[in-house]
Amino acid sequence: MNYDTNPFEVLYVTDSPDPRLFVDLFSDLPIQFSQPIFQLGNVVLKGTQGCGKSMLLNLLKPEIRLAYHKASVDFPVPSELGRFVGAGINLTLSGALDIGQRPVIGTTDEDEALFPLLFGDFLNYFIVRDLLRSTKLMAESPDVFDNAVNGKRLDKCARELSRQDCWFGILHGCESFDAVCKKIDDRIAVYRSFHQFNCDIPEEITSSKTNIGEPIARTEEALKIAKVIDEDTPVVVRIDQLEKLYRSDILRRSLGTQYRRIVNKALGKRDSRISYRIGTRPYAWDDDLTVFATDDKLEHLRDYRIIDLDEELRRRENEGTWVFPQFAQDTFRRRLKRVQLSPSRESDSLATIFGKQPSDKDVALEYARNSRASRASYVLQIKDDWPDDWKEFLLETFGEDPFDAKLAAAWALQSGQSGKKGVRLAEPPPNEKNPPWRSRKPWRKERVRQCLMQIAARCAQRQKWSGSRMILALSAPNISVFLSVCHEIWDAFQRSESRKPPSKRIDAVRDGIPANVQTVGIETASRHWYHKIPELPSGHDRQRFVDVLGRKFRKWLLDDVAMSYPGHNGFSLTVEELEQCPPLARFLQDAFDYGDLFAVEHTTKLRDRRRRIKWYLSPILSPFFQIPEAHTKEPYYTSIAEITSWLNEAGVVIEGIDPAAGQPAKRRKRKTDSSQRVLFGDDESREAPR
Amino acid sequence: MSNKNYRPSGPLPWFLRHCSIAEWSFLGCIGTEERAIASFAELQSGATIGSRLMLEIEDKPSRFENAIRDRLGRRRAAYTSAGGNATDIRSVDLFASHGDIVGLIDDFISASNGSIVLDITSMPKRFFFPFVKRILLFQPATEIRDFVVTYSLPESYTQEPLAENFNDWAQLPLFGGDYRAVSAGMLAIGVGFEALGLQEQLKGESELPVKLLLPFPAPVAAFQRSWELIRRLRKNRNHEMFDIYRASARDCSDTFDRLVSLTDGNRIRAELAPFGPKPMSLGMCLFATWTDSQAFYTQPSVYHPDYSLGIAKCDGHADVHAFAIRLSGHDYYAV
């Protein structure tokens, strides 16, 4: 095996000028649940940062299809869906966001009314130009695009297009395809020049503003009338990163909202001639569904369909329906194949190389390996006033099975159905083969991670992270996270092998990568994702907030010796309360959209039955904060006031939130022994890296 | 330095001694840093300042608000004790519209005597880039005979993040580029201390070869931080995408010439990303102005109140560097 090449060295395939790389490494599995993208009708493609939505939208670009052809690889879209013409706009690079930065008329009110119309006009011209460019490109390579475009009829199409009244005479007299393109280019160039203060905006533009979507639809018509494309060839228009319009400081929010409504208007027309593809972060889409200059709202299924990539890739109750492992497996296999590595069981190369997670008992034994018997009582948090029979039982068990002993100690501290404290400790330890902490499977399962965390912390050990299932749990639903975890593990493996003589080296593909090496790689990846938070817009505030949360979660879980609250690595808030504080909602939603937090609606344990959302740190941050990645049981129920106090603690200032409103909640008194001396300084939370 | 063209630049006192311009119009920025006033003070002691405008840029609300207020108060006091008037100071939002930014510079040009000193020491790129472009392209060009940019060096920089909460990758005002130009063939990045969203950009749309302009010579600590950034930018990416070129951290001319060379005199179009030291960014700004290239940035919404500390000294004076961009109607930078 080659010990110099890391199959995951280049994480970002869009970097590469070599289209072959894209073709080799792009896993087509998400296409299975994204087929509406290639069909008629408007589709909103939602997904958090790095989930792969831009990769999917890229498939609509003719250049990518050409790349597949050059690489002699079949285009991954089913052939019956592969016949379409795609066009699109990059809102930033096109200059669309400059509109509104320079007064046109001079009076604020009139300008504010005019800017959205100019924005719509600019979008029309830019998208039509891209549509014509795509058509020409496809016409030049008929074999690649299955003769979808007849290039000989482009001039006829241009004549048809120039006659359309939607242009208000601007294209009048254009007799050729090139003439139409030039006219459109002229208009875009004037817009760009105006916004660089090189010229004034001519009256010709302000008096011929087009209606959003109409010129694009008429272009589709002209293409079909002129028989450039067939009647049944869909025209799809991409608008990616829609949130840039209204979730950025670069554009005034009031103006960005109007621009968003212009795009909504295009979708709200229900125009069968054009199918829009909107790429957006999950929460950002729901910010405003109002159609420009009306009170109408876009309606899901009537105006658009949603493909939520995170939802599709998220693990549900029924693990059998979880597609992320398959997606990860395919992506993993492609990377290995590219460097000529093929595990014997290629269908499950992940499991072959990363193996299974060691048993809980073995992990706990590893943590407690160097712990003397005298330390057992600290690890188990045994108090002086506990009955001797329990003390003896737990200490004896600890020697053989620290995991079992720790669970037993937690079980003993709980009050159970009786509701009375100390009732279990008052009885002798159960003398049965399968005591409750072993036989009650759900109870045990919910506490496994918290138990291991407490043992590791009190044995002054860092937690172990390994195995294919653990890697999937830490990565899902983000394929970029998965790849970076693989990269760091492989890197750690190469480092560890490079120090050995060649005869002693192990083969990752044949023998798998040792668990301790995986831990090193996973921790590095976790640190990488933590440090990456500020690299995304407004990330410094989110990183400090994540810091506060990570430290709190760890402290709560460690202090909870009875393991009564194993779900306190997350918090829950009512939807109602969150809706009353839009600035906080936006902050939390941004944290979700950028992949720092994970959020999902859940069933409340309270009688009020109010809808609630629970929030967790992204699983990949768990190793960094040394907290469990699993989301079990009830999260911590909190309030806006308490979250505001966390924001204050993190030094996050959000316009519209009064820092004085932050009040730390009075947390339940925990069953901890304040007289218990701390063995390792302040407490174990010090181990959490900062 | 170009072998074709001598471009006067050096310490401000030296520069003033060697030029005969008696009166200057001054445009600067009152920032939180001590060095923000250094250029004004040096100019005041060596020449006459006629019209002047001091911008006070308002960041977005942040945890630094009290510290920022405190530092700005001190700088205002320093400005008036150096001979400035409180009425010269004008508050402006960091995210002011392009129209407002252009309005500021156009008004200043109208009130100026045609000999302008622009101090970019504490001025965000979002302002000084369009200011430089507007001054250079002002018509009739004869109205602005002299144009000098100054930059003051600090004693040190904070070890904490210099700025926080940056925005998406976007063109700087007035640097949207020429729509009709051929597509760019490279992305030239001025390397600074921090990535500020660059990493995301490099994995996103950009498929261009990257030319990293590494500030050198530079103090050891700064050099280490720049290399650390390069390491992070290249991590997990195809290293063949990146080429590294050295450019002086203190001389905008070096960066300008490097860009002229890399682009073969703008025959290969470049997109620019000025994340490096201010003199390097000035070189990029001049190149982008004359070639109508796109310049991108990820504008932070908050700057650290102690972004830099103290003022570096040179021969007993504040170390203020002056770059002559135009003197007596002669432009020193052209492509």
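As shown above, the structure is provided for reference.
This is a predicted model, so every value here is computed, not measured. (Residues numbered from 1 in each chain as written. Chains lettered and ligands numbered in written order. Predicted model: local features only at pLDDT ≥ 70, side-chain atom pairs only at ≥ 80, totals over all residues. Heavy atoms only, no water.)

What follows concerns the overall build of chain A. Helices and strands together make up the secondary structure of chain A, namely 29 helices and nine strands. In terms of overall dimensions, chain A has C-alpha extents of about 100 × 65 × 40 Å along its principal axes. Going through the 690 residues of chain A one by one, you find that 60% of them count as buried. Within chain A, contacts between residues separated by at least 24 positions form 75% of all contacts whose residues are at least 6 apart in sequence. Carbon and sulfur atoms make up 47% of the accessible area of chain A, which amounts to about 28700 Å² in all. Of note, chain A has its 104 positive side-chain charges centred 4 Å away from the centre of its 100 negative side-chain charges. (Helix = DSSP H or I, 4+ residues; strand = E, 2+ residues; numbered from the N terminus. Buried < 20%, exposed > 50% of the residue type's maximum accessible area, 1.4 Å probe, protein only. Contact = heavy atoms within 4.5 Å. Areas by Shrake-Rupley, 256 points an atom, 1.4 Å probe, with all protein chains shown as cover. Lys, Arg positive; Asp, Glu negative; His and termini not counted. Charge placed at Lys NZ, Arg CZ, Asp CG, Glu CD.)

We now examine the pattern of salt bridges. Residues and elements named next belong to chain A. Within the structure shown, the criterion is met by 65 salt bridges over all chains. Among the ionic pairs, R218 bridges to E214, the shortest N-O distance being 2.8 Å. Of this pair, R218 and E214 both sit in helix 8 (residues 214–225), four residues apart, roughly one helical turn. An identical accessibility class is assigned to R218 and E214; each is buried. Ionic pairing is found between D330 and R334, a salt bridge with its closest N-O pair at 3.2 Å. A residue pair is termed a helical-turn pair when its members lie 3 or 4 positions apart in one helix, as D330 and R334 do in helix 12 (residues 324–338) at four residues. No difference in accessibility class separates D330 from R334, as the two residues are buried. (Salt bridge = Lys/Arg side-chain N within 4 Å of Asp/Glu carboxyl O.)

What follows is about the sheet that holds strand 12 (residues 242–247) of chain B. Residues and elements named next belong to chain B. Read from one edge to the other, the open sheet built from four strands follows the order 12-11-10-13, with strand pairing classed as parallel. Among the strands making up the open sheet, the edge pair consists of strand 12 and strand 13 (270–274). Averaged over all pairs of adjacent strands, the angle between their axes in this sheet comes to 20°, without regard to strand direction. Pairing geometry for strand 10 (residues 186–190) and strand 11 (residues 210–215), over four bridges, is parallel. Among the inter-strand pairings, L187 is bridged to a residue of strand 11, identified as V210. Across the sheet, helix 7 (residues 220–234) touches strand 11 and strand 12, and the angle it forms with strand 11 is around 165°. Against the sheet, helix 9 (residues 278–291) engages strand 10, strand 11, strand 12 and strand 13, with an angle of about 150° to strand 13. (Pairing = 2+ DSSP bridges. Axes fitted to C-alpha atoms, helices over the stretch in contact; angles between N-to-C directions.)

All names here are of chain A. Its place among the elements puts V481 in helix 22 (residues 479–498). Judged by its relative accessible area of 4%, V481 falls in the buried class. A sequence separation of 419 residues divides V481 from P62, and the C-alpha atoms of the two residues are 28 Å apart. Setting aside its immediate chain neighbours within four residues, V481 contacts L474, S475, W529 and I620.

To continue, consider the interface of chain B and chain A. By a widely used convention, the size of an interface equals the accessible area lost when the partners come together. Every contact between the two is made by 49 residues of chain B and, on the other side, 48 residues of chain A. Of the roughly 4300 Å² buried where chain B meets chain A, counting both sides, 48% is carbon and sulfur surface. Across the chain B-chain A interface, the total number found is five salt bridges. Residue D249(A) is joined to K60(B) by a salt bridge in which the shortest nitrogen-to-oxygen separation is 3.0 Å. Only helix 4 (98–111), helix 5 (125–136), strand 8 (163–166), strand 9 (170–171) and helix 6 (198–203) of chain B provide two or more residues apiece to the side of chain B that touches chain A. (Buried area = accessible area lost by both parts, 1.4 Å probe.)

Moving on to a positive patch on the surface. The grouping of R153(A), K156(A), R159(A) and K227(A) at the surface amounts to a positive patch. Along the chain, K156(A) falls in helix 5 (residues 154–162). (Patch = residues over 30% accessible without salt bridge, like charges linked within 9 Å, V, L, I, M, F, W, Y side chains within 5 Å.)

Residue and element names in this part refer to chain A. Between helix 4 (residues 108–140) and helix 6 (residues 177–195), the least distance of the axes is 10 Å, while the angle of their chain directions is 145°. By crossing handedness, the relation of helix 4 to helix 6 is classed as left-handed. Each of L118, D121, F122, Y125, F126, V128, R129, L132 and K136 in helix 4 lies in contact with helix 6, whose residues at this interface are F177, D178, V180, C181, I184, D185, R187, I188 and Y191. Here the contact of helix 4 with helix 6 is built from residues that sort into twelve nonpolar, no polar and six charged. (Left-handed = near helix turned anticlockwise from the far one by under 90°. Nonpolar A, V, L, I, M, F, W, Y, C, P; charged D, E, K, R; others polar.)

Residues and elements named next belong to chain A. Summarising burial for strand 8 (residues 612–617): six of the six residues are buried, a large majority. Of the two faces of strand 8, the one carrying R612, K614 and Y616 and the one carrying I613, W615 and L617 are both buried. The sheet contact formed by strand 6 (residues 570–574) and strand 8 spans five bridges and is antiparallel. The residue bridging G570 from the neighbouring strand is Y616, located in strand 8. Relative to strand 8, strand 7 (residues 597–602) runs antiparallel, the two being bridged by six bridges.

Take the side chain of S622(A) next. All names here are of chain A. The topology assignment puts S622 in helix 28 (residues 622–625). For S622, a relative accessible area of 2% translates into the label buried. Beyond its immediate chain neighbours, meaning those up to four positions away, S622 contacts W465, L474, S526, I627, P628 and E629.

The next point concerns the packing of aromatic side chains. Residues and elements named next belong to chain A. Throughout the structure, instances matching the rule amount to 47 aromatic pairs over all chains. Their ring planes at 55° and their centres at 5.6 Å tell us that W411 and W437 sit as a pair that is tilted. Placement of W411 in helix 17 (residues 402–413) and of W437 in helix 19 (residues 436–439) is noted, with a sequence separation of 26 residues between them. In this structure W437 comes out as buried when scored by relative accessible area, which is 0%. With 5.4 Å between their ring centres and 75° between their planes, F571 and W646 make a pair best called edge-to-face. (Phe/Tyr/Trp six-rings, centres within 6.5 Å; stacked < 30°, edge-to-face > 60°.)

Here the focus is helix 9 (residues 253–268) of chain A. Since the α-helix advances by 3.6 residues per turn, residues separated by three or four positions end up pointing in the same direction. All names here are of chain A. Compared with an ideal rise of 1.5 Å per residue, which puts 16 residues at 22 Å, helix 9 spans 22 Å between its outermost C-alpha atoms and is within 8% of the ideal. For helix 9, the secondary structure elements touched by its buried residues are strand 1 (43–46), helix 4, strand 3 (235–239), strand 4 (274–280) and helix 10 (282–285). Two residues or fewer past helix 9, R270 is found with a positive phi of approximately 50°. (Expected span 1.5 Å × (residues − 1).)

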